[in-house]
Amino acid sequence: MAEDARGEKKDADLSAAVKMPAKQRGGFRTMPFILANDFCDRLASVGFTTNLISYLTLQLHLPLVQASNIITNYNGTANLTPLIGGLIADSFAGRFWTITFGSIIYQLGMVCLTLSAALPSLHPPPCAKHAADCQRASSYQISVLYLSLLCTSIGTGGTRPCTMAFGADQLELNDAHSRHKPKWSFFNLYFFAVELAKLAAVTAVVYIQDNVGWGWGIGVPTVAMVAAVIIFVSGYKLYIRMPPGGSPLVRLAQVATAAYKKRNAVVPDPSLLYEDKELDAGISTTGRLLHTDQLKFFDKAAIVTDGDVLPSGQPNLWRLSTVHRVEELKSIIRMLPICAAGIILVTSASHNHSFAIQQARTMDRDITPHFKIPPASMLIFTNVGMLLTLAFYDRVLVRVLRRFTGRPNGITHLQRTGVGLTIAMLSNVVAAVVERRRKSVAAASGLLDAPKGATLPMSVFWLVPQYAIHGVANAFMDVGRMEFLYDQAPESMRSTATALYWLTFSIGSYLGTLLVTIVHDKTRRSGQWLPDNLNRGKLDNYYWLVVALEVVNLVYFFICAKYYTFKPLEMVSGEEVELHHHGNGNGTDDAKKQGASFK
């Protein structure tokens, strides 16, 4: 039949979920609540992670390599939990409640961290100025720190995979015609708000930490997190809250199991594969996925054989899957190689929160006779670089590129990501050159073995280019990857797919720990690259090693992008079935069929 029964069911499901007509909910009216929540959330998280290297080395008196590994391990865990949170949101909890409870757990971690910094019994006594040895934090004090970081890691599992998808839902589902309009400006707006929060964190919060005290410096982000929860919950009645579509992992497992059971079957013509519009209605409200010719083994799950249908007339989903469900699994598998390209990028950027800050601590940071820029505040130039690039890209560059490409977004998501990966490589090239210059100044000034706190006659603003270039790269790469994931993921798995973005941060952070550990161990005899005294180290060699990894990664990404297949989507309106290849960015229908009949 030409009429799509899914249309009425979609409205009914949404109305039941929100108990109010969808047209009265969602839209830009919800953006202040969602973006303000994320602003406060990022102010809190960035407010303590940005300067965490200083807290670990100056307050807890931990060695540089150990402190660096704690940070990368924490980042790895905090970016791994979103995968679990995304599955919970998509399976049974929904995005709103996952964000809410995640924020509360994060708040508990921040309270513990504030107490750790404020109470003398939870951190070692201050170190005497220019002292060679300082009392390190005890096992008990480090345990309290780990407990705090664990709670914040669990909390991020609820907020990070859901906030962007939840915000995009408000715009996409609020407009019945939104599928014909590019919504990617939302992601530019989202990342712009995030960078504003980071900007506030690396200036005001870091200043408080370095000049007022760590108790207040972490207490301020804690209060911001309280505000984040209150602001988000207060918009409850305005949100479109999509009902969860059931466990995506179960559906993927059902497809894989059904395909394996029929591994000896011969795949027929695609038109003969099993489809059931009513069965897929709850997980395909914006359109069903159509058959693709890749990964044909999984098509066997949609072959109808004896015993596939239960006495009730319903299919046994562990033996028979619809084409839409098969294509859900294919979509996720096709996305994984593209996602993996972000891992090395995270690894290459991890030193910005550790080694680069320690570099800044050795340099001349005077702004005025009475004010020094805090080392961690150098990250402000990454934030400013990203903010300016986002504004320029969205307001100017897209309009110019659109004239040449004909695409509403100017360039595709993958092209935007590739540009970002290329620019990021230049950041580390600059970092290597600047570090060699910094060491030469230390040698010329006789300060190679200077005590802690000694300042080299070299301005800290030499570090600005590497930070700024990295910010420009992020504006292309981070937004491009998030657009790609949201666009190419099956609609019922968008929280889970968004978690893949954070999963790359997790793996990249752990890989950063592994890389630092290996370099530290292998260079111990031939000349330590990463000692506590960077003036005697070879940090520039480490940067060149990272550049080499990025070159290999860039080639890998180009190969993956070349052979990637965008998902085709069927959308029905009246008597017309429109076939869209999402992600190609051409803004046109690839095909139209009149009077088509689908089950």
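Computed from a predicted structure; not experimentally measured.

Topic: the UniProt feature "transmembrane region" (unreviewed entry) in the protein
This chain's UniProt record puts "transmembrane region" (unreviewed entry) on residues 187-208, 214-233, 335-353, 373-393, 414-434, 454-477, 498-519 and 542-561. Along residues 214-233 one finds 100% helix and 0% strand; the C-alpha atoms at either end are 29 Å apart. Structurally, residues 542-561 is divided into 100% helix and 0% strand, and its ends, taken at the C-alpha atoms, are 29 Å apart.

A short note on the nonpolar core
Phe187, Phe191 and Met335 are the most contacted members of the largest nonpolar core, which totals 72 residues. Of all the elements, helix α12 (residues 323-349) adds the most residues to this core, at 10 residues. Not counting residues within four places of it along the chain, the set of residues in contact with Met335 comprises Phe484, Leu485, Gln488, Ala489, Ala497, Leu500 and Tyr564. Judged by nonpolar contacts, the second largest core, of 64 residues, contains Ala224, Met225, Ala356 and Leu539.

Section: the pattern of salt bridges
Should their charged atoms come close, side chains of opposite charge can pair. The final tally for this structure, using the stated rule, is 15 salt bridges. Between Asp90 and Arg95 there is a salt bridge, with the nearest N and O atoms lying 3.9 Å from each other. According to the relative accessible area criterion, Asp90 is buried, its value standing at 3%. With its nearest N and O atoms 2.8 Å apart, the salt bridge here joins Asp299 to Lys330. In this pair, Asp299 sits in the loop between β1 (288-289) and α12 while Lys330 sits in helix α12, placing the two residues 31 residues apart along the sequence. The exposure classification of Asp299 matches that of Lys330, with both residues buried.

What about unusual backbone geometry?
For His61, which is not glycine, the phi torsion reads 60 degrees and is therefore positive. With respect to the helices and strands, the residue His61 is situated in the loop between α3 (52-59) and α4 (64-78). A positive phi angle, near 50 degrees, is found at Leu295, a position not held by glycine. By the secondary structure assignment, Leu295 is in the loop between β1 and α12.

Details of the environment of Leu569
Turning to its location among the elements, Leu569 is positioned in strand β4 (residues 568-573). Residue Leu569 is classed as buried on the basis of its relative accessible area of 4%.

Re the side chain of Thr362
Turning to its location among the elements, Thr362 is positioned in the loop between α13 (355-361) and β2 (366-368). Residue Thr362 is classed as buried on the basis of its relative accessible area of 18%. At 2.7 Å, the side chain of Thr362 and the backbone oxygen of Gln359 are in polar contact. Excluding residues within four positions of it along the chain, Thr362 makes contact with Arg438, Ala454, Thr455 and Leu456.

Section: the packing of aromatic side chains
Tallying each qualifying case throughout the model produces 22 aromatic pairs. For the pair Phe557 and Phe558, a centre-to-centre distance of 6.1 Å together with 55 degrees between the ring planes defines the contact as tilted. Across from the ring centre of Tyr393, 3.8 Å away, lies the NZ or CZ of Arg416, which sits over that ring. Above the face of the Tyr563 ring, Lys562 is positioned so that its terminal group lies 5.9 Å from the ring centre.

Concerning a nonpolar patch on the surface
A contiguous nonpolar surface patch, about 400 Å² in accessible area, is contributed by Trp97, Phe101, Ile104 and Tyr236. Along the chain, Phe101 falls in helix α6 (residues 95-118).

Focus: α12
Between its first and last C-alpha, α12 extends 40 Å over 27 residues, near the 39 Å set by a 1.5 Å rise per residue. Taking the largest bend as the criterion, α12 deviates by roughly 35 degrees, centred on Leu336, and proline Pro337 comes between one and four positions later. Of all 27 residues making up α12, 23 are buried, and the element is well covered by its neighbours.

Side note on helix α5 (residues 81-93)
Helix length check: α5 (13 residues) gives 16 Å between terminal C-alpha atoms against 18 Å at 1.5 Å per residue, more than 12% under. Thr81, Pro82, Gly85, Gly86, Leu87, Ala89, Asp90 and Ser91 are the residues of α5 that are buried. Looking one or two places after α5, you find Gly94, whose phi comes out positive at around 85 degrees.

Thresholds, definitions, all that
- Residues numbered from 1 in each chain as written.
- Predicted model: local features only at pLDDT ≥ 70, side-chain atom pairs only at ≥ 80, totals over all residues.
- Heavy atoms only, no water.
- UniProt positions renumbered as here; feature names shortened; annotations may be inferred.
- Helix = DSSP H or I, 4+ residues; strand = E, 2+ residues; numbered from the N terminus.
- Core = buried A, V, L, I, M, F, W, Y, C linked by side-chain atoms within 4.5 Å.
- Buried < 20%, exposed > 50% of the residue type's maximum accessible area, 1.4 Å probe, protein only.
- Contact = heavy atoms within 4.5 Å.
- Salt bridge = Lys/Arg side-chain N within 4 Å of Asp/Glu carboxyl O.
- Polar contact = N/O pair within 3.5 Å; in protein donor to acceptor, adjacent residues only side chain to side chain.
- Phe/Tyr/Trp six-rings, centres within 6.5 Å; stacked < 30°, edge-to-face > 60°.
- Lys NZ or Arg CZ within 6 Å of the ring centre and 35° of its normal.
- Patch = residues over 30% accessible without salt bridge, like charges linked within 9 Å, V, L, I, M, F, W, Y side chains within 5 Å.
- Areas by Shrake-Rupley, 256 points an atom, 1.4 Å probe, with all protein chains shown as cover.
- Expected span 1.5 Å × (residues − 1).
- Bend = angle between axes of the 7 residues up to and from the residue.

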